[in-house]
Amino acid sequence: MKKIASFTVDHNKLNVGVYISRIDSDIVTYDLRFIKPNTPPFLDPLAMHTIEHLFATYARNSEYSENVIYFGPMGCMTGFYFLTRELSHETALSLIKDIVKKCRDHEGDIPGNSKIECGNFLAHNVEKAHKALFKYYNDIKDWTVEKLSYDYFA
């Protein structure tokens, strides 16, 4: 079988950050890497679920909502994928930083967190999500477009 693109990236060289994972026509997949690969502790699944609800809600309520395709977790529990369409890398990076900050500062109910709206509505941890988001925001707040390449730190 053909190896998928994300399995061709040398994860030993990746650090916490924001990267362009792939570009498919007009869709860009961003790798929001919260944890350095293969270095536990990994993201808590309950925190990831909470971050997923928060980030997806803020992204789909942003001024760029029409350009947001998807936001979801990596199975390796080191981060998330964010897919956009027709946004410059500068705009996407700015949007990511803004949303991470909003998620970090979110107070109140978790959006979409009822038995009707979510298939596992009891599986959330706001405190752990905020902790992960606080650390991640500090890691990426000064991130630049030049650093979006996986090869930047190689």
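The notes below deal with the structure included here. Everything numeric in this text was worked out from a predicted model, so none of it was measured. All chains use their own residue numbering, which begins from 1 and follows the written sequence. Side-chain atom pairs in this predicted model are given and counted only at pLDDT of 80 or more, local residue features only at pLDDT of at least 70, and totals for whole chains, interfaces and linings cover all residues. Each side-chain value is derived from all of the structure's non-hydrogen atoms; neither hydrogens nor water enter the calculation.

## Considering the pattern of salt bridges
Right, on to step 1. Here a salt bridge means any side-chain nitrogen of Lys or Arg lying within 4 Å of a carboxyl oxygen belonging to Asp or Glu. Overall, the coordinates contain seven salt bridges when judged by the stated rule.
Right, on to step 2. With a closest N to O distance of 2.8 Å, Asp26 and Arg85 form a salt bridge. Pair noted here: Asp26 is in the loop between β1 (17-24) and β2 (27-33) and Arg85 is in strand β4 (residues 79-85), with a separation of 59 residues, a long-range link.
Right, on to step 3. Note on Asp26: relative accessible area 28%, which makes it partly exposed.
Right, on to step 4. Of the charged contacts, one joins Lys128 and Asp44 as a salt bridge, the two residues approaching to 3.4 Å between their closest N and O atoms. Note on conventions: DSSP H or I runs of at least 4 residues are helices, E runs of at least 2 residues are strands, and numbering of each starts at the N terminus. To sort residues, take the accessible area from a 1.4 Å probe on protein chains only and compare it with the maximum for the residue type: under 20% means buried, over 50% means exposed, and anything in between is partly exposed.

## Quick word on the packing of aromatic side chains
Right, on to step 1. Working definition: rings of Phe, Tyr and Trp (its six-membered ring) pair if their centres are within 6.5 Å, and the pair is stacked with planes under 30 degrees apart, edge-to-face with planes over 60 apart, and tilted otherwise. Taken as a whole and assessed by the stated rule, the structure comprises eight aromatic pairs.
Right, on to step 2. Considering the side-chain rings of Tyr19 and Trp143, the 5.9 Å spacing of their centres and the 85 degrees angle between planes classify their relative orientation as edge-to-face. Of this pair, Tyr19 sits in strand β1 while Trp143 sits in the segment after α3 (126-140); the two residues are 124 residues apart in sequence, bridging distant segments of the chain. The same class applies to Tyr19 as to Trp143, namely buried.
Right, on to step 3. Members of the aromatic cluster, connected to one another through ring pairs, are Phe34, Phe55, Phe71, Phe80, Phe82 and Tyr136.
Right, on to step 4. Its guanidinium or amino end placed over the ring of Trp143, Lys147 lies 5.1 Å from that ring's centre, counting from NZ or CZ. We call a charge positioned above a ring when the Lys NZ or Arg CZ atom is no farther than 6 Å from the ring centre and deviates by at most 35 degrees from the ring normal.

## Some details on the layout of surface pockets
The gaps of empty space that remain are located by a probe, the size of a water molecule, rolled over the atoms.
Right, on to step 1. Here a cavity denotes a set of grid points, spaced 1 Å apart and computed over the protein atoms alone, in which a 1.4 Å probe fits but from which it cannot get out, and a pocket denotes an open set meeting protein on both sides within 12 Å along at least five of seven lines; residues with an atom within 4 Å of a point are reported as lining. Grid points are joined across faces, edges and corners, and a volume is the space filled by probe spheres set on the points. Its boundaries defined by the atoms lining it, the largest pocket holds a volume of some 220 Å³.
Right, on to step 2. Broken down by element, the residue count for the lining of the largest pocket peaks at five residues, all from α3.
Right, on to step 3. The nonpolar class holds Ala, Val, Leu, Ile, Met, Phe, Trp, Tyr, Cys and Pro. Asp, Glu, Lys and Arg form the charged class, and all remaining residues, Gly among them, are polar. Along the lines of polarity and charge, the residues of the lining of the largest pocket split into eight nonpolar, no polar and four charged.
Right, on to step 4. Looking at the second largest pocket, its volume works out to about 190 Å³.
Right, on to step 5. Across the lining of the second largest pocket, the residue classes tally to six nonpolar, five polar and one charged.

## Examining the side chain of Asn67
Right, on to step 1. Structurally, Asn67 can be placed in the loop between α1 (45-60) and β3 (68-73).
Right, on to step 2. Given a relative accessible area of 15%, Asn67 falls into the buried group.
Right, on to step 3. Apart from residues lying up to four places away in sequence, Asn67 is in contact with Leu83, Thr84, Arg85, Glu86 and Leu87. Whether two residues are in contact is decided by their heavy atoms, any of which lying within 4.5 Å being enough.

## Overview of the pairing of β4
Consecutive residues of a regular strand have side chains that alternate between opposite faces of the sheet.
Right, on to step 1. With respect to burial, β4 is a largely interior element, five of its seven residues being buried.
Right, on to step 2. We treat two strands as partners when DSSP finds at least two bridges between them. The pairing of β3 with β4 spans five bridges and is antiparallel. Considered in β4, the bridge of Phe71 is made with Phe82.
Right, on to step 3. Counting the residues in the hairpin turn of β3 and β4 gives five residues, including Met77, whose phi is positive at 65 degrees.

## Quick look at the sheet that holds β4
Right, on to step 1. The antiparallel open sheet is built from four strands, whose spatial order is β1-β2-β4-β3. Of all the strands in the sheet, just β1 and β3 have a single pairing partner and so form its edges. Ignoring strand direction, the axes of neighbouring strands in this sheet form an average angle of 20 degrees.
Right, on to step 2. Between the N-to-C directions of two axes lies an angle of 0 to 180 degrees, each axis being a line fitted to C-alpha atoms and, for a helix, fitted only over the stretch in contact. Along the sheet face, α1 touches β2, β3 and β4 and points at about 170 degrees away from the line of β3.
Right, on to step 3. On the sheet, helix α2 (residues 89-105) packs against β1, β2 and β4 and is oriented at approximately 40 degrees with respect to β2.

In short, geometric facts, not functional conclusions.
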